[in-house]
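Coordinates in review
Residue strings, one per chain:
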Amino acid sequence: MVAAALAGLALVLSQLPAGAQAVADPTSPVTGNATYFDGLGSPYGGCGLPQTQLESPNFVALNVYNTPGDYAFYPRPLTGADVAKMGIWNNGLNCGRWVQVSIGDYCTGVNDGAPNQAFCRNGSWTADQYNGATLTMLVADSCGDANGWCRDDPYHLDLAKDSLNRFVKGGAPVADIYPNHWNNRHVSWSFVPAPSYSGDIQLGFLQGAQVYWPAIAVSHLANGIHGVEYLSGGTWQAAKMNSDMGQSYILNGVTPGASQFQIRVRDVNDQLINNGRVYSFALPGSCGSSCAQAYTAVTYTTGNATTPPTTTPPTTTSPTTPPTTVPPTGACSAAATVVGSWSGGFQATVTVTAGNAPINGWTVGWAFANGERISQLWNATYTTSGSTVTAHDAGWNGPIAANASTSFGYTGTGTPQPITLTCTSP
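Here the focus is the layout of surface pockets. Quantified by volume, the largest pocket comes out at close to 1000 Å³. Taken together, 39 residues make up the lining of the largest pocket; nearest its centre are Asn58, Val339, Gln347, Thr349 and Trp378. Broken down by secondary-structure element, the contributors of at least two residues to the lining of the largest pocket are strand E7 (134–143), strand E22 (332–342), strand E23 (345–354), strand E26 (373–378) and strand E30 (405–413). No other element matches E22, which puts 6 residues into the lining of the largest pocket. Taken as a whole, the second largest pocket spans an internal volume of roughly 460 Å³. In terms of lining residues, the second largest pocket is bounded by 23 residues, among which Asp200, Tyr300, Pro399, Ile400 and Ala401 are the most central. Secondary-structure elements contributing two or more residues to the lining of the second largest pocket are strand E12 (202–206), strand E21 (301–302), strand E29 (399–400) and E30. Grouping the amino acids of the lining of the second largest pocket by side-chain chemistry returns 12 nonpolar, 9 polar and 2 charged.

Dropping the structure here:
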């Protein structure tokens, strides 16, 4: 039996104020039952992002409720007396964080999550060759189902099904834990900062967003998100969370009814990220009266908390002292790193870095030297022609600030060989 994470939350107007964490993080790795689900719902997972906008193909769902023996539905977000029923989902406040997951014991009995039944009935937990395989995964969805896994076990994790065979042990993916060696195992896990983080946040408007309901999603976070603040009428105000979709918030414009926005973001420690950096952006013209797509990426400019950027034109420099322009050292560059290999295959990460000037899109090309082929690629689109691969940004990760970076990854068949990459920007 597969535990299905709560799919496709509607974009309702029920909103949750940003606030302090109600459920404390585990102080050390904890052990729980692990199940799997096929993928995020349509158009959004529980955190308010489409699956195509996640920065990793490896993601998990956390429990909405902690109600052992109680399988009733309670309205989300949990408020009032229901706050005592809150699970590690934490009303969405753990969205966008990362967990380090380690495979634990196999159940030789029945582990079906049936209500009011023990886990691993008529059997025992047994170690095998998969124990200790690890994977770092993104919190992207929620589990609120009326079963033992999602209600009785506070440290249950629901894992993306496609990730099960990507767990790594001894430098190589286990490859065959699913389906014959799974049976809803134990895992141990803990929260960790984003691995190899670089660049800055990404922003997009959600379907139906408009001047009078500007719903955004914030992603690519170094350490989660606990709140968004917007500048309106010259003062900073706390945005409302969009239901309990922890990476989606409802803004106001810089003036009432304006299509221009300025925000700053707080992380899981309730600290302003990047020393209070201010992100300025506008509702895209492509949205018309409202955004039709599930996710419409936006570009932004940045300032700081003390002197937020404005739309006032800059003061003209005196003709006798013309401004100095620092030329870019190149539109962009790219470098590939093999992060794992196994018999007949490998996984690589490609880091794209802007030069001394920002870019608004990129294309990376290379040629395999020894018959390698791409099996799967994420955070970019690509085409192939013989041994030549051409990867394009995914839209949301096309804009890169000066000297900043973004990355995409892929798995391939064959034995990895050194490759020479080229990077161009429009």
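Below, the discussion takes up the state of the cysteines. One pass over the full model with this rule turns up 5 disulfides. Each sulfur in the disulfide pair Cys287 and Cys291 lies 2.0 Å from the other. Across the S-S bond of Cys287 and Cys291 the torsion is about 90°, and the bridge reads as right-handed. Each of the two residues, Cys287 as well as Cys291, counts as buried. Sequence-ordered numbering of the bonded cysteines in the protein chain yields a pairing of 1-2, 3-4, 5-6, 7-8, 9-10.

Burial within strand E11 (residues 186–192) is extensive, with 5 of its 7 residues counted as buried. Bridge count between strand E2 (residues 30–37) and E11: 4 bridges; the pairing is antiparallel. Note that in E11 the partner of Gly32 across the bridge is Val187. When strand E4 (residues 98–103) meets E11, the two strands line up antiparallel, connected through 6 bridges. Within the sheet, the bridge partner assigned to Gln100 lies in E11 and is Ser190.

Okay, the sheet that holds strand E18 (residues 260–266) next. Taking strand neighbours across the sheet as the criterion, the 5 strands line up as E15-E14-E18-E19-E21 in an open arrangement whose pairing is antiparallel. Looking at strand neighbours, the two that pair on one side only are strand E15 (235–238) and E21, the edges of this open sheet. Of the strand pairs in this sheet, strand E19 (residues 279–282) and E21 are connected by 2 bridges, and their pairing is antiparallel. By the bridge assignment for E21, Tyr279 is matched with Thr302.

In the structure shown here, the tally under the stated rule is 15 aromatic pairs. For the ring pair Tyr155 and Trp189, a centre distance of 6.4 Å and an interplane angle of 70° mean the geometry is edge-to-face. Taken together, the positions of Tyr155 in the loop between helix H1 (148–152) and strand E8 (157–160) and Trp189 in strand E11 put the pair 34 residues apart, joining distant regions of the chain. An aromatic cluster is defined as three or more aromatic residues linked by ring pairs; in this entry it consists of Phe346, Trp362, Trp366, Phe368, Phe408 and Tyr410. The residue whose ring lies beneath Lys85 is Tyr74, and the NZ or CZ to ring-centre distance is 4.8 Å.

In this chain, Ser42 is followed by Pro43 through a cis amide linkage whose omega measures 0°. Here Pro43 shows up in the loop between E2 and strand E3 (59–63). Each neighbour pair has its own omega, and for Tyr178 with Pro179 the value is 10°, a cis peptide bond. Its location among the elements puts Pro179 in the loop between strand E10 (172–173) and E11. Even without glycine at this site, Cys120 takes up a positive phi of about 55°. Positionally, Cys120 belongs in the loop between strand E5 (106–107) and strand E6 (125–126).

Cut-offs and rules
Residues numbered from 1 in each chain as written. Predicted model: local features only at pLDDT ≥ 70, side-chain atom pairs only at ≥ 80, totals over all residues. Heavy atoms only, no water. 1 Å grid on protein atoms, 1.4 Å probe; cavity = no way out; pocket = protein on both sides within 12 Å on 5 of 7 lines; lining within 4 Å. Points joined across faces, edges and corners; volume = space filled by probe spheres on them. Helix = DSSP H or I, 4+ residues; strand = E, 2+ residues; numbered from the N terminus. Nonpolar A, V, L, I, M, F, W, Y, C, P; charged D, E, K, R; others polar. Disulfide = S-S within 2.5 Å. Buried < 20%, exposed > 50% of the residue type's maximum accessible area, 1.4 Å probe, protein only. Pairing = 2+ DSSP bridges. Phe/Tyr/Trp six-rings, centres within 6.5 Å; stacked < 30°, edge-to-face > 60°. Lys NZ or Arg CZ within 6 Å of the ring centre and 35° of its normal.

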